[in-house]
Amino acid sequence: MFARRDIGMFILGFVALVGGFGVSISMIMKDPKCRVSSCLDKPIGSPRNHMVIVCVSIYYAYLLAMVLSLFVIRRNQSLDAWFRQRLSLPGTLFLRKASQRVHLPLSIGEFTFLITATMLLLWEFAYFTHFYFKPAPSRPGSKLAAFFNKFTHSTGHPLNVFIGFVLLPVSRNSPIATFLRIPFDGALRVHRIMGNGMFAWTMVHFLSYIIKLSPKGGSAYSADLFGINSPFEDLGDYMDLFGLLAAISFTIGFLAALPWVRRRHYNLFLFLHIFMLIMIVFAILHSDTNFYYCVPGVILWVADLVLRFFARRRKTEMAIERVTKEETGFLRLDIQTSKFFKFKPGQYVFLNIPSISALEYHPFSIAASTVSSPTSGQLSFLIAPSWRTSEWTSRIESRFVKDASAQLAEAAPIVVEGPFGHCGFDVMSVDVVACFVSGTGVAPAFGVACYIADQIALASESKKKPPKKVLIFWSTRAPHALHSSFLVDLAKRFPEGMLEVHVFDTSSNKEVFEPASEATTNITNITTNNTSESTLMPPTSALDKRQSRRSIKADAAFGEPVVTTQAAARVVPAGMHRRPTRVVVPDTFQKFVVPHLTVSEGSASKPKLGVFICAAEGLRRHIRDSCHAAGKNGVNVQVHEEAFAM
């Protein structure tokens, strides 16, 4: 059954697709007036008018075919799982070990879309190239200029398709992501790849224009672009100037979106990304055909702004209840809600705190949602404060954190947009859920466990059986990770023996995830009260020195140590383990995951394993290898990956 939000998003997407096609075709076939500088579809009935109708119709038919295909794929669980898999190739093709596969940064579904979209782009380029380069009586002038004049026109048309593809996945309240359950990071990957391709194609188009005018000398540029010595008489004379302004705006927005800038100066990236909208306006003024491809994206973007406006109007229903800085160094942000906040595994929201910044919205994975009273709920997040005092997360700490148990004297308003995103598999339809996470990537894993705990509590109302085992493997440098309040809360909510957490403390180990036979030996050979101080984070204060006195107790189940902190004087909940070593993925899979993948005798079904990944790329690479190996050994493996990069 579809939720009410899914049905609403389907209607919105239908309006965007059908409405965009209707508006475009009616303007091409019925509007005889040119309202911008260049109208390639005018006059009505001309050969180019017919060509534009064909290209626009094929573009919208392609979008419809992709939507229908995705809908069918999402309704078939095995087909859906296959298309969500990361595209990988045998390591032997790249002179590597046969057991090591080369994983490409795309899923099979994303790769399929990009291949078909590229075919559409190349077809449109070939279609118009054939038209412009067809035999015609020669004209006086430079042959070089004549060739590049035709080539400039030919390379301009595929940019229409690029703009349409780039606009579609950018809205937060996207029907593409919501109704068709496309992960947000997957949509962003496609958005970036199409944006990179569009910029490269734009440079080819622009350089072709420069070469076209070069035989006439430098004065040709000033006359063609700015009307110097040849005053502009109508809007059509501004066509090349609008194209230049679109290229400049695109270049500014593109440079700000480069990974080095975006990850270090995210607010600057958001501000300069406005130039992308300016680019689209100038592109439409440059050529009207750009508008016909933009309509669906524009409709979705405007609808997204409307939904976000109403979300902001609801800010009085939510307020910050408490911000706590835990022993791990992370912040726990608790939000009081007027009712229980429903969410699904892997979902995230955008948070805005007006008292810190009225304009900044930041995405955070939902770590927990609980009922605090019959009339209110609590929504919780895990946040790593930045060391830069000017950053948004650092200002949360300085503004709200007073001491370890501080509660705000007055609830601060907060705007919550969402939830967004989808997990690639149903956590209630697998036998074992294994979450491999690192750093603050543990937040969505907490959310997955919280959701399963809620479903267990509602077992009488739910028709699905919960998984037999929930495993969380957390690689972190954070001190006292086992004392995270989220872990303490989860331990209370799960039946005994169902939840198992392994914290791999890398505070003094380099983040190297290559399999090493010595790693397992190092674990099993550690004896009680024989921990080397070099394996611990160096103490920086008297308190840290006291807290660094640790004891190691043997784990009878696996012959491995569980480390507790004497200074904390707290008992670690059952099923929680700290391991002062790096993650060795193949060994971890064999010792902690595979033993739970059993089926009853006589059963023909394969054991089902759901793997949730939110970790650094080095760790993810080896998890994919282990998942592939498990799949070859008869396990039905379903994988969902979250990425750190926005």
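Now for a look at the structure at hand. (Residues numbered from 1 in each chain as written. Predicted model: local features only at pLDDT ≥ 70, side-chain atom pairs only at ≥ 80, totals over all residues. Heavy atoms only, no water.)

## Observations concerning the overall build of the protein
Step number 1: Secondary structure summary: the protein contains 21 helices and 18 strands in total.
Step number 2: Buried positions account for 49% of the 646 residues belonging to the protein.
Step number 3: Summed over all atoms, the accessible surface of the protein reaches about 31,300 Å², with 63% contributed by carbon and sulfur. (Helix = DSSP H or I, 4+ residues; strand = E, 2+ residues; numbered from the N terminus. Buried < 20%, exposed > 50% of the residue type's maximum accessible area, 1.4 Å probe, protein only. Areas by Shrake-Rupley, 256 points an atom, 1.4 Å probe, with all protein chains shown as cover.)

## Comments concerning the pattern of salt bridges
Step number 1: One pass over the structure, following the stated rule, counts 17 salt bridges.
Step number 2: A network of salt bridges, in which partner residues are shared, links Arg86, Glu617, Arg620, Arg624 and Glu641. (Salt bridge = Lys/Arg side-chain N within 4 Å of Asp/Glu carboxyl O.)

## Observations concerning the sheet that holds strand E13 (residues 499-505)
Step number 1: Judged by pairing direction, the sheet is parallel, and its six strands sit side by side in the order E16-E13-E12-E11-E17-E18 without closing on themselves. Each end of this open sheet is capped by a strand with a single partner; those strands are strand E16 (576-579) and strand E18 (636-641). Looking at each pair of strands side by side, their axes are set apart by 15° on average, direction ignored.
Step number 2: In the packing of helix H21 (residues 617-632) onto the sheet, the strands contacted are strand E11 (432-438), strand E17 (608-614) and E18, and the crossing angle to E18 comes to about 160°. (Pairing = 2+ DSSP bridges. Axes fitted to C-alpha atoms, helices over the stretch in contact; angles between N-to-C directions. Contact = heavy atoms within 4.5 Å.)

## Description of helix H5 (residues 143-156)
Step number 1: Spanning 14 residues, H5 covers 20 Å between terminal C-alpha atoms, matching the ideal 20 Å at 1.5 Å per step.
Step number 2: Among the residues making up H5, those that are buried are Ala145, Phe148, Thr152, Ser154, Thr155 and Gly156.
Step number 3: Where H5 is buried, its residues touch helix H4 (108-132), helix H6 (158-167) and helix H8 (184-213). (Expected span 1.5 Å × (residues − 1).)

## Focus on a nonpolar patch on the surface
Step number 1: On the surface, Val170, Leu277, Val298, Trp301, Val302, Leu305, Val306, Phe309 and Phe310 cluster together into a nonpolar patch covering about 720 Å² of accessible area.
Step number 2: Along the polypeptide, Val170 turns up in the loop between H6 and helix H7 (175-178). (Patch = residues over 30% accessible without salt bridge, like charges linked within 9 Å, V, L, I, M, F, W, Y side chains within 5 Å.)

## Quick look at the packing of helix H2 (residues 47-75) against H6
Step number 1: The N-to-C vectors of H2 and H6 enclose an angle of 30°; their axes lie 11 Å apart at closest approach. Classified by the angle their axes make, H2 and H6 are roughly parallel. In this structure, H2 crosses over H6, and the sense of that crossing is right-handed. Touching Tyr59, Tyr62 and Leu63 of H2 are Val161, Gly164 and Phe165, all from H6.
Step number 2: Partitioning the contact of H2 with H6 into residue classes produces five nonpolar, one polar and no charged. (Parallel < 35°, antiparallel > 145°, perpendicular 65-115°, else oblique. Left-handed = near helix turned anticlockwise from the far one by under 90°. Nonpolar A, V, L, I, M, F, W, Y, C, P; charged D, E, K, R; others polar.)

## Quick look at the state of the cysteines
Step number 1: Summed over the entire model, instances satisfying the criterion amount to one disulfide.
Step number 2: There is a disulfide in this structure between Cys34 and Cys39, and the S-S distance comes to 2.0 Å. As the torsion about the S-S bond is roughly 90°, the Cys34-Cys39 disulfide counts as right-handed.
Step number 3: For Cys34, a relative accessible area of 34% gives the class partly exposed.
Step number 4: Exposure remark for Cys39: the relative accessible area of 12% places this residue in the buried category. (Disulfide = S-S within 2.5 Å.)

## Quick look at the nonpolar core
Step number 1: Leu351, Phe381, Phe446 and Ile472 are the most contacted members of the largest nonpolar core, which totals 63 residues.
Step number 2: It is helix H16 (residues 442-457) that contributes the most residues to this core, ten residues altogether.
Step number 3: Sequence-distant contacts of Phe381, defined by excluding residues within four places in its chain, comprise Leu331, Arg332, Leu333, Ile335, Val349, Leu351, Phe364, Ser365, Ile366, Ala367 and Phe486.
Step number 4: Core analysis: the next-biggest nonpolar cluster, separate from the first, contains 51 residues, Phe128, Leu159, Val161 and Phe165 among them. (Core = buried A, V, L, I, M, F, W, Y, C linked by side-chain atoms within 4.5 Å.)

## Some details on the sheet that holds strand E6 (residues 362-365)
Step number 1: An order of E6-E5-E10 is seen for the three strands of this open sheet, with the pairing classed as antiparallel. Bordering the open sheet on either side are E6 and strand E10 (415-420), each of which pairs with just one other strand. Taken over all neighbouring pairs, the strand axes of this sheet differ in orientation by 30° on average, direction set aside.
Step number 2: Relative to E10, strand E5 (residues 348-352) is paired through four bridges, and the arrangement is antiparallel. Note on E10: the bridge partner recorded for Asn352 is Val415.

## A few points about unusual backbone geometry
Step number 1: With an omega of -5°, the peptide bond running from Lys42 to Pro43 counts as cis.
Step number 2: Within the secondary structure layout, Pro43 lies in the loop between helix H1 (4-30) and H2.
Step number 3: For His480, which is not a glycine, the phi torsion comes out positive at approximately 55°.
Step number 4: With respect to the helices, strands and loops of the structure, His480 is situated in the loop between strand E12 (469-476) and helix H17 (485-493).

## Concerning the environment of Ala256
Step number 1: You can see Ala256 is positioned in helix H10 (residues 239-256).
Step number 2: Those residues in contact with Ala256 that sit more than four places away from it in its chain are Val261, Arg262, Phe269 and Leu272.

## Details of H6
Step number 1: A large share of H6 lies buried, amounting to ten of its ten residues.
Step number 2: Residues Pro158, Leu159, Asn160, Val161, Phe162, Ile163, Gly164, Phe165, Val166 and Leu167 constitute the buried set of H6.

## Structural notes on the packing of H6 against H8
Step number 1: One way to put it is that H6 packs onto H8 with a least axis distance of 9 Å and a crossing angle of 155°. Accordingly, the angle class assigned to the pair H6 and H8 is roughly antiparallel. Considering only the axes of H6 and H8, their crossing is left-handed. The segment H6 lies against H8, with Pro158, Leu159, Phe162, Ile163, Phe165 and Val166 engaging His191, Met194, Gly195, Gly197, Met198, Trp201, Thr202 and His205.
Step number 2: The residue makeup of the contact of H6 with H8, split by class, is nine nonpolar, five polar and no charged.

## Focus on the packing of aromatic side chains
Step number 1: Taken as a whole, this structure holds 35 aromatic pairs when the rule is applied.
Step number 2: An angle of 65° between the planes, with centres 5.5 Å apart, marks the rings of Phe21 and Tyr60 as edge-to-face. Here Phe21, found in helix H1, pairs with Tyr60, found in helix H2; they are 39 residues apart in sequence, far enough to count as distant.
Step number 3: A residue is classified by how much of its surface remains accessible, and Tyr60, at 4% relative accessible area, is buried.
Step number 4: Site record: aromatic cluster; members linked through ring pairs are Phe21, Tyr59, Tyr60, Tyr62, Phe113, Phe165 and Tyr293.
Step number 5: Positioned over the ring face of Phe486 is Arg332, at 4.2 Å from the centre of the ring. (Phe/Tyr/Trp six-rings, centres within 6.5 Å; stacked < 30°, edge-to-face > 60°. Lys NZ or Arg CZ within 6 Å of the ring centre and 35° of its normal.)

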